[in-house]
Number of protein chains: 2
Amino acid sequence: MTGLVLEHRAPIARELYAVLRQRILTGALEPGTTISETSYAGQMGVSRTPVREVFRRLADEGLLEVRPQVGTYVAAISLTAVHDSQFVRETLECRTVRMAVERARPEDDAALRAHLERQRPAVLAGDYIAFFPADEALHVELIRMAGRAAIWSVIQDVKTQLDRVRYLSFESRDWLGKIFAEHERIVERVIARDADGAEAIMREHLRTVFTAIERLMASKPHFFAPSR
Amino acid sequence: MTGLVLEHRAPIARELYAVLRQRILTGALEPGTTISETSYAGQMGVSRTPVREVFRRLADEGLLEVRPQVGTYVAAISLTAVHDSQFVRETLECRTVRMAVERARPEDDAALRAHLERQRPAVLAGDYIAFFPADEALHVELIRMAGRAAIWSVIQDVKTQLDRVRYLSFESRDWLGKIFAEHERIVERVIARDADGAEAIMREHLRTVFTAIERLMASKPHFFAPSR
DNA sequence: ACAAGAATACTAGTATACAAGTCCAAGAGT
DNA sequence: ACTCTTGGACTTGTATACTAGTATTCTTGT
């Protein structure tokens, strides 16, 4: 008994997935970019097998487009997909925030306030990297309060499309402040047990992405797939 | 020029996916069943590569559980996952059916009636196989009328969990008739441009799965994952 | 110069070989 | 009889080799 726990090194595919996904979301790899299994495997110093597994998964998420025997490309942004993703998120989170209000207990209020305090320093520092997980944590908390924690996986799925637009559109410097102010208003309405108010602000909050979509369409129209 | 179009034979993985998915949904492979990549590949007469790809996708869908270095199993039914899937579907389709009513045009009414007529013979014959696609087609039509056709992919995703319960619970002989009657009432309310009525019946319609869940829990409790 | 066709250099799909972790059971030692 | 150890038979993870389809480029004939 050495007391030493040998760590399993994480599967290569898991690491590759996180890295490539982030590169696409942040725009390091722009929509339309060609990226073959062989070349990416060589670039990352691994074999095609895990790369192929990652490509398949990202294709299912709508971030890659695989054309058999031809090539793989970073998927163009589908305006329809983005709009419908926003619709799904708004529909689900507006309903769950109502439920959160109805089920809220005193200790939940404290948890919500704690989430805000975790976000505040990131906002003041203009630190997007730190803000994103704290942002998600608040939304997860509200869903948990609603008693539907498992639907976060569905929201995460559609949120992928929205996050990519957010990243690519280069939100302005005061964006963090705006988002945070809306978070404060939502939490305030929840603590006041005002379901209508909380839902209204949540709806407004989740519709701010539309301005990002419009800005991106104006500045980078070639990122979008033809609407057909 | 021969006029003969050489068909690309469909990728093996695609075929494997459809077959294995159906086997799991229908219960030919019961929850908890062990199924290794090697054995299934041998059984299907293909190599591990496409089998592995299919396993990953089904694991992402929550139909398989892959334990590294140990084995792969047909996933147990998660009561939480099923309930939250129902919640997502109800939330989305209740909202879209309202929108369908608001946007409905005369030619849409005809399309809805046509879908009912397509379902009727399957109901009279007690033909589940023929009914399922006609059932889905009606729901897709309503979503299309709402102008949100793309959210069907989200609904399909959560619907997987619900369909499995439906299959495994062995719905009674008169189930088709009940479902069809609800379809008729929904279509009738849409044609009457009664958004509240249509939404109410849709909600009732999508909650019938709860009786299937209860029946399955009573008859096959070992199909379910411990709730923790 | 130009158009048609053949060689070439890619691509993803599939098969196979090897590596490493896990579980179970048989057997040795006490 | 019981415990511990050790070996073997699994499992999935990864690497590599081969197949077949596609697009481009270069050659060839006019």
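Residues numbered from 1 in each chain as written. Chains lettered and ligands numbered in written order. Predicted model: local features only at pLDDT ≥ 70, side-chain atom pairs only at ≥ 80, totals over all residues. Heavy atoms only, no water.

**Section: the UniProt feature "domain: HTH gntR-type" (unreviewed entry) in chain A**
Moving on, step 1. Feature annotation in UniProt assigns "domain: HTH gntR-type" (unreviewed entry) to the following positions: residues 10-77 of chain A.
Moving on, step 2. Annotation note: span residues 10-77 of chain A, helix share 53%, strand share 12%, distance between end C-alpha atoms 31 Å. (UniProt positions renumbered as here; feature names shortened; annotations may be inferred. Helix = DSSP H or I, 4+ residues; strand = E, 2+ residues; numbered from the N terminus.)

**Structural notes on the relation of the copies chain A and chain B**
Moving on, step 1. The two copies are related by a screw motion: chain A maps onto chain B through a turn of 180° and a shift of 0.0 Å along the axis, at an RMSD of 0.0 Å. Read as a symmetry element, the transformation amounts to a two-fold axis.
Moving on, step 2. Same-surface contact between copies: 100% of interface residues of chain A are shared with the interface of chain B. (Least-squares fit on C-alpha atoms with pLDDT ≥ 70 in both. Contact = heavy atoms within 4.5 Å.)

**What to know about the domain arrangement of chain A**
Residues and elements named next belong to chain A.
Moving on, step 1. Each domain of chain A was delimited in the assignment, giving domain 1 (12-74) and domain 2 (79-223).
Moving on, step 2. Every contact between the two is made by 12 residues of domain 1 and, on the other side, six residues of domain 2.
Moving on, step 3. Surface buried jointly by domain 1 and domain 2 totals about 920 Å² across both partners, of which 57% is contributed by carbon and sulfur atoms.
Moving on, step 4. Across the domain 1-domain 2 interface, the total number found is zero salt bridges.
Moving on, step 5. Inspection of the domain 1/domain 2 interface yields two residue pairs in polar contact (both at pLDDT 80 or more).
Moving on, step 6. Take the side of domain 1 that touches domain 2: its biggest share by element is five residues, from helix α1 (residues 12-26).
Moving on, step 7. By residue class, the composition of the side of domain 1 that touches domain 2 is five nonpolar, four polar and three charged. (Domains from an automatic or database assignment. Buried area = accessible area lost by both parts, 1.4 Å probe. Salt bridge = Lys/Arg side-chain N within 4 Å of Asp/Glu carboxyl O. Polar contact = N/O pair within 3.5 Å; in protein donor to acceptor, adjacent residues only side chain to side chain. Nonpolar A, V, L, I, M, F, W, Y, C, P; charged D, E, K, R; others polar.)

**Overview of the nonpolar core**
Moving on, step 1. Formed by 74 residues in total, the largest nonpolar core has its most connected members in L92(A), L142(A), V190(A), L92(B), L142(B) and V190(B).
Moving on, step 2. By size, the runner-up hydrophobic cluster in this structure holds 17 residues, among which are A13(A), Y17(A), L25(A) and F55(A). (Core = buried A, V, L, I, M, F, W, Y, C linked by side-chain atoms within 4.5 Å. Buried < 20%, exposed > 50% of the residue type's maximum accessible area, 1.4 Å probe, protein only.)

**As for the pattern of salt bridges**
Moving on, step 1. With the rule as written, the count across this model stands at 60 salt bridges over all chains.
Moving on, step 2. When the shortest N-O distance is used, the salt bridge between R120(A) and E117(A) registers 2.8 Å. Of this pair, R120(A) and E117(A) both sit in helix α5 (residues 106-125), separated by three residues, roughly a single helical turn.
Moving on, step 3. We note a salt bridge from E184(B) to R120(B), for which the minimum N-O separation is 3.6 Å. Of this pair, E184(B) sits in helix α8 (residues 175-191) while R120(B) sits in helix α5 (residues 106-125); the two residues are 64 residues apart in sequence, bridging distant segments of the chain.
Moving on, step 4. Overlapping salt bridges, with partners in common, bring together E90(A), R98(A), D196(A), E199(A), R203(A), R207(A) and R95(B) in one network.

**Thoughts on the protein's contact with DNA strand D**
Moving on, step 1. By nearness alone, 23 residues border DNA strand D, and I12(A), S47(A), T49(A), R52(B) and R56(B) come closest of all.
Moving on, step 2. The sugar and phosphate moieties of DNA strand D supply 69% of its atoms located within 4 Å of the protein.
Moving on, step 3. Contact distances for DNA strand D include 2.8 Å between a base oxygen and a side-chain N or O atom of R48(B).
Moving on, step 4. A distance of 2.9 Å is found between a base oxygen of DNA strand D and a side-chain nitrogen or oxygen belonging to Q69(B).
Moving on, step 5. When residues of the surface near DNA strand D are traced back to their parent elements, those giving at least two are α1 and α3 (48-60) of chain A together with α2 (37-44), α3 (48-60) and β2 (71-74) of chain B.
Moving on, step 6. Per-class residue counts for the surface near DNA strand D are eight nonpolar, nine polar and six charged. (Near = heavy atom within 4 Å.)

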